[in-house]
Amino acid sequence: MKKLMRQILGATKDENFMYIIENIEVIVSKVLSIFMVIVILVAIGDLGVFIFKELFTASYAKFYTTLYKIFGLFLNILIALEILENITAYLRKHVFQVELVIVTSLIAVARKIIILDLEKVGGLDIIGLGIAILALSISYLIIRLSNSKNTH
């Protein structure tokens, strides 16, 4: 750590400074990857406990409510996997992949819609979610089209 601090403080040239910053970004990305794997494993364990407890002990009348909660937990894990993919893609290419970020956002909004309780949510909230999905979908389409033009 002392060596790193000396390098940071002693970095007089822009190249040295940028090299140090890139190394710090890589270290932070690796730590975030490890933490995200831990979060995913804990979420899978939580999902397993929830499924066992709710499906085998809940009454049939509560089944649909329980099913929506299970879908929400599944989508939480998918969102965490997408975030992990974002981090590992950054580690591979040292560039944030906008397409992955948009897909992660779409999954998060879809999760919100799936677990939405229509009795407790107002019309403006639903309109807002619809606008968010439309904007994200258009963004995704633009990114996909620009990527396909760049590869041909």
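Residues numbered from 1 in each chain as written. Predicted model: local features only at pLDDT ≥ 70, side-chain atom pairs only at ≥ 80, totals over all residues. Heavy atoms only, no water.

K.L.:
Which residues make up the overall build of the protein, and what are the values?
P.N.:
Counting its regular elements, the protein contains five helices and zero strands. Counted from the first residue to the last, the protein has its helices and strands arranged as α-α-α-α-α. Residues classed as buried in the protein amount to 20% of the 152 residues present. Considering only intrachain contacts with a sequence separation of at least 6, the fraction spanning at least 24 residues in the protein is 59%. Accessible surface for the protein amounts to roughly 11,200 Å². Of this, 70% is attributable to carbon and sulfur atoms. (Helix = DSSP H or I, 4+ residues; strand = E, 2+ residues; numbered from the N terminus. Buried < 20%, exposed > 50% of the residue type's maximum accessible area, 1.4 Å probe, protein only. Contact = heavy atoms within 4.5 Å. Areas by Shrake-Rupley, 256 points an atom, 1.4 Å probe, with all protein chains shown as cover.)

K.L.:
If you had to explain the pattern of salt bridges to someone new, which residues and values would you point to?
P.N.:
For the coordinates displayed, the defined rule picks out two salt bridges. Between Arg-92 and Glu-85 there is a salt bridge; the shortest N-O distance is 3.9 Å. Between Glu-99 and Arg-144 there is a salt bridge, with the nearest N and O atoms lying 3.0 Å from each other. One end of the pair, Glu-99, is in helix H4 (residues 98-114); the other, Arg-144, is in helix H5 (residues 123-151), and 45 residues separate them in sequence. (Salt bridge = Lys/Arg side-chain N within 4 Å of Asp/Glu carboxyl O.)

K.L.:
Give a detailed account of the side chain of Ser-29, specifying residues and quantitative values.
P.N.:
Mapped onto the elements of the fold, Ser-29 is located in helix H2 (residues 14-57). Using a relative accessible area of 8% as the deciding quantity, one classes Ser-29 as buried. Here Glu-25 takes part through its backbone oxygen, which lies 2.8 Å from a polar atom of the side chain of Ser-29. Not counting the four nearest positions on each side in its chain, Ser-29 is found in contact with Ile-87, Tyr-90 and Leu-91. (Polar contact = N/O pair within 3.5 Å; in protein donor to acceptor, adjacent residues only side chain to side chain.)

K.L.:
Explain the side chain of Asn-86 to me, using residue names and the numbers behind them.
P.N.:
Note that Asn-86 resides in helix H3 (residues 63-93). Looking at Asn-86, the relative accessible area reads 16%, which means it is buried. Leaving out residues up to four positions away in the same chain, Asn-86 has contacts with Leu-100, Val-101 and Thr-104.

K.L.:
Please give an account of the nonpolar core that cites residues and values.
P.N.:
Counting residues in hydrophobic clusters, the biggest one holds nine residues: Met-36, Ile-40, Leu-47, Phe-50, Ile-70, Leu-73, Ile-77, Ala-80 and Leu-84. Elements that contribute at least two residues to this core include exactly H2 and H3. Excluding anything up to four places from it in sequence, Phe-50 contacts Leu-55, Thr-66, Lys-69, Ile-70 and Leu-73. One finds Ile-102, Val-109, Leu-116 and Leu-136 within the second-largest nonpolar core, a separate group that totals five residues. (Core = buried A, V, L, I, M, F, W, Y, C linked by side-chain atoms within 4.5 Å.)

K.L.:
Give me the confidence of the model for the protein: which residues, what numbers.
P.N.:
Taken as a whole, the protein shows an average pLDDT of 83; of its residues, 89% reach a score of 70 or greater. Within the protein, the lowest mean pLDDT, 62, falls on helix H1 (residues 2-10), and the highest, 89, falls on H2. (pLDDT = per-residue confidence, 0-100.)

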